[in-house]
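What the coordinates show
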Amino acid sequence: MNDDVRNIVLGVLATGVSGGFGWFTRTYVWRRRLRRKQAFLGLPTGSDCLFIVNRQMGGSENSVHRNDALALLEISALIKDCGASVQIVAHDTARQGFGERAEFCVGGPISNVRTTAHLESLLPGVRVDQSREAGPDRGAIQVGGEVYRWRPGAVEYVVLARLTVAEGTRPVFLISGQTAVSNQAGARYLARHHERLAHRYGDRTFCLVLKVVNSQAYGPDVTELAADVTEAARTPEAAAV
């Protein structure tokens, strides 16, 4: 074997080894990110989860607002990536506990009785004004001594929380917005920032208030963190005073 042939063979071998190592590295990183996503969302491969839908305000009992349906699409991509399946359940028929299956509950307490139960049981420090008459406090979110009021089309807020009852149980993701647009914004924020949230909180409970800016112009796209209210949200209001 002359020098030219030997160099060609060595070059081919080096390329093969380098390519194989690169493939192994990419696969390892991809699998590690997938496992982290599955652990954060409570969605191991082959599992199933619940998506609790609310009813459309002013609509029929079984109607769902278009933006709430879009919130499901935002989250469905995450569920599919994890190799899990989803069961869609109406808010007033989800008469079951939590922890056995991951759950995504969308909608404020006015239109979703499941949200009301989660707030009372798991986030006793969060209060939502449920008055149906027009007024400055309608739909306002109160937590940690702050009141988050919404101005339709200008400023809206949504509570995004990851809730667990015990170690090793599957989480509940609560997306409780003041409007259907803010519900979709909360779902989109979770879909876009789940890696950062997993890195910061891991498998722990958290509760965030997100601010949706100028939804009349930008829809659910411009959403920012208003406050991390985890401790205040978990503290009963009577004890916080």
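Computed from a predicted structure; not experimentally measured.

**Considerations on the overall build of the protein**
Helix and strand counts for the protein stand at 7 helices and 10 strands. For the protein, the residues scored as buried account for 44% of the 241 residues in total. Considering only contacts within the protein whose residues lie at least 6 apart along the sequence, 65% involve residues at least 24 apart. Of the accessible surface of the protein, which amounts to about 12900 Å², a share of 52% is contributed by carbon and sulfur atoms.

**Points about the side chain of glutamine 178**
Mapped onto the elements, glutamine 178 comes out in the loop between strand S8 (172-177) and helix H4 (180-201). Overall, glutamine 178 belongs to the buried group, its relative accessible area being 14%. At 3.0 Å, the side chain of glutamine 178 forms a polar contact with the backbone oxygen of glycine 139. A distance of 2.8 Å separates the side chain of glutamine 178 from the backbone nitrogen of tyrosine 157, its partner in a polar contact. Contact partners of glutamine 178, with chain neighbours within four places excluded, come to Gly139, Ala140, Ile141, Tyr148, Arg149, Trp150, Glu156 and Tyr157.

**Quick look at the environment of glycine 125**
Along the chain, the position of glycine 125 falls in the loop between helix H3 (113-122) and strand S4 (127-128). Sequence-wise, glycine 125 and alanine 233 are 108 residues apart; in three dimensions their C-alpha atoms are separated by 4.1 Å.

**Section: the pattern of salt bridges**
Under the defined criterion, the tally for this structure stands at 8 salt bridges. Residues aspartate 221 and arginine 192 are paired through a salt bridge, measuring 3.9 Å at the closest nitrogen-oxygen approach. Here aspartate 221, found in the loop between helix H5 (215-218) and strand S10 (223-228), pairs with arginine 192, found in helix H4; they are 29 residues apart in sequence, far enough to count as distant. Looking at arginine 192, the relative accessible area reads 53%, which means it is exposed. For the salt bridge of aspartate 228 with arginine 200, the shortest nitrogen-to-oxygen distance reads 3.8 Å. Pair noted here: aspartate 228 is in strand S10 and arginine 200 is in helix H4, with a separation of 28 residues, a long-range link. Judged by relative accessible area, aspartate 228 falls into the partly exposed class, the value being 35%. Salt bridges linked by common partners bring Glu74, Arg188, Arg192 and Asp221 together as one network.

**Regarding unusual backbone geometry**
Within the chain, asparagine 214 stands out as a residue other than glycine whose phi angle is a positive 50 degrees. Relative to the assigned elements, asparagine 214 resides in the loop between strand S9 (206-213) and H5. Given the relative accessible area of 27%, asparagine 214 is considered partly exposed.

**Notes on the sheet that holds strand S6 (residues 146-148)**
Read from one edge of the open sheet, 3 strands run S4-S5-S6, paired in antiparallel fashion. Of all strands in the sheet, those bounded by a partner on one side alone are S4 and S6.

What counts, and at which threshold
Per chain, residue numbering runs from 1 following the sequence as it is written. The model is predicted, so local features are restricted to residues of pLDDT at least 70 and side-chain atom pairs to those at 80 or more, both for listing and for counting; the totals for chains, interfaces and linings are taken over all residues. Excluded from the side-chain calculation are hydrogens and water; included are all heavy atoms of the structure. Secondary structure follows DSSP: runs of H or I at least 4 residues long count as helices, runs of E at least 2 residues long count as strands, and numbering of each begins at the N terminus. For every residue, the accessible area obtained with a 1.4 Å probe (protein chains only) is divided by the maximum for its type, and the residue is called buried under 20%, exposed over 50%, and partly exposed between those limits. What makes two residues a contact is simply this: any of their non-hydrogen atoms within 4.5 Å. A 1.4 Å probe and the Shrake-Rupley method give the accessible areas. Residues count as covered only by the protein chains that appear here. We call two N or O atoms a polar contact when they sit within 3.5 Å, provided that within protein one can donate a hydrogen and the other can accept it, with sequence-adjacent residues counted only if both atoms are side-chain atoms. Within this document, salt bridges are pairs made up of a side-chain nitrogen of Lys or Arg and a carboxyl oxygen of Asp or Glu, the two lying within 4 Å of each other. For two strands to count as paired, DSSP must find a minimum of two bridges between them.

Shape is all these values report; function is a separate question.
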